[in-house]
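Here are the chains, one letter per residue:
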Amino acid sequence: MLTTRFAAAVRRSVLALLAGATVLAGTAVAADDKIKVGALRFTSHSASFIAFEKGYFKEAGLDVEFVYFQAAAPMAVAIASGDIDYGVTAITGGLINLADKGAIKVIGGALHEEDGIDGSAILVSDAAFKDGVTSPAKLAGRSFGITQTGSSFHYMASRIAEKEGIPMSEIALKPLQKVGAVIGALKSGQIDAWAIVPHIAKALAKGGAVHIIGWVNDYAPDYQVTTVFTSAENAANKRDLTTRFLAAFSRGAADFNAALVDKTAGEDAAEATVRLIHKYVYTSRPFEKAAPSIRNGAMRLNEGAKLNLSSVQAQLDWFKAEGLVKGDIGIDKLVDGSYVETY
């Protein structure tokens, strides 16, 4: 009898342990969703880096892997092909053409030009500066570096020329594919001019081989420099995943603004934020040399990933007018405005 009771007790214990293990296994099944996020190693991509480092993506149930690019257009192709899930970069002709094919949707805003905050700078080489190119009004007959035809650099060059009354036929655009190649060409005087975000522009100007002669915001006010985008499939059919991504990304943007743009978070937070960003930006430089560039390059990241739809429409109109997109795409084909505030 004792043996029978003992055996029954053992069976009950084993069953209880198995039940507990089943509960734990059930809990473990709810694993984080794995996603790949496209990024450039720019301060302007800090919202994603902060969200990753501070665990905001993790709290949103996302297991993020970064995939790095050296220009905007290849990132759009990677979204369309499914090689990455979400991206943050400028609107390009390539992105618009992919949206027209039903492959991509813009779902939010990121970097934004804002009055009172140093944004993208217009640069010239030292040789051009010494030759009299001391303002954007003197860019006629000069070369201007871009990564690719239909890139954001192309758009900025056109806006500068338009306001200065310079025909684009009088500015020689030089497609160099990668940002690093444009930097090298500008510093060596192989091209005369370029426009780029401040953390790069100010660092280049400090060295003396390059000079700042103007600011893009004077030519493209309220310019939505970069957007958040994903595949049309994700936007339409993975709403929960996309909403969680945007929420975590927005928390990173808010922390960035508080620390380095509005500077309301205090110096300790600013220092910690710069150290965090340095893990991704200017990684080959010692922190002491990288920190000033990161701080000086802080531009507004849209709160809540809100999107300046008016700026996106203006960009779309320009790409169409220049024949850089193939179809007669409308804003609704490019943008899914249901995820964030638009204005």
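What you see is a predicted model; the values in this text were computed from it and never measured.

With respect to the side chain of N302
Tracing the backbone through its elements, the reader meets N302 in the loop between α13 (287–296) and α14 (309–321). A polar side-chain atom of N302 sits 3.1 Å from a polar atom in the side chain of Q224. In terms of polar contacts, N302 uses its side chain to reach the backbone carbonyl oxygen of K306, at 2.5 Å. Sequence-distant contacts of N302, that is, excluding residues within four places in its chain, are made with G109, A110, L111, H112, Q224, A253, L307, N308 and Y343.

Observations regarding the confidence of the model for the protein chain
Taken over all residues, the pLDDT of the protein chain has a mean of 91, while the share at 70 or more is 91%. Counting interchain partners and residues more than four positions distant, the pLDDT-below-50 stretch residues 1–7 has zero contacts. Every residue in residues 9–29 scores below 50 in pLDDT, and together they form zero contacts with partners more than four places removed in sequence or on other chains.

Side note on helix α5 (residues 93–100)
Counted residue by residue, α5 has six buried out of eight residues, so it is predominantly covered. Among all positions of α5, only G93, L95, I96, N97, L98 and A99 are buried. At the exit of α5 stands G102, carrying a positive phi of roughly 85°.

Section: the pattern of salt bridges
For the structure shown, the criterion picks out 19 salt bridges. The residue D192 makes a salt bridge to R142 at a minimum N-O spacing of 3.9 Å. Residue D192 is found in the loop between α8 (179–187) and β8 (193–196), and its partner R142 is found in the loop between α6 (126–130) and β6 (143–146); the two are separated by 50 residues along the sequence. Of the charged contacts, one joins D262 and R300 as a salt bridge, the two residues approaching to 2.9 Å between their closest N and O atoms. Placement of the pair is D262 in the loop between α11 (239–261) and α12 (267–277) and R300 in the loop between α13 and α14, with a sequence separation of 38 residues. The exposure class of D262 is partly exposed, given its relative accessible area of 38%. Using a relative accessible area of 14% as the deciding quantity, one classes R300 as buried. Connected through salt bridges with shared partners, the residues E267, E271, R275 and R295 form a single ionic network.

Some remarks on unusual backbone geometry
The phi torsion at D222 lies on the positive side, around 60°, for a residue other than glycine. The topology assignment puts D222 in the loop between β9 (210–215) and β10 (227–231). A relative accessible area of 41% places D222 in the partly exposed class. Phi is positive for Y282, close to 55°, though the residue is something other than glycine.

Cut-off values and rules
- Residues numbered from 1 in each chain as written.
- Predicted model: local features only at pLDDT ≥ 70, side-chain atom pairs only at ≥ 80, totals over all residues.
- Heavy atoms only, no water.
- Helix = DSSP H or I, 4+ residues; strand = E, 2+ residues; numbered from the N terminus.
- Polar contact = N/O pair within 3.5 Å; in protein donor to acceptor, adjacent residues only side chain to side chain.
- Contact = heavy atoms within 4.5 Å.
- pLDDT = per-residue confidence, 0-100.
- Buried < 20%, exposed > 50% of the residue type's maximum accessible area, 1.4 Å probe, protein only.
- Salt bridge = Lys/Arg side-chain N within 4 Å of Asp/Glu carboxyl O.

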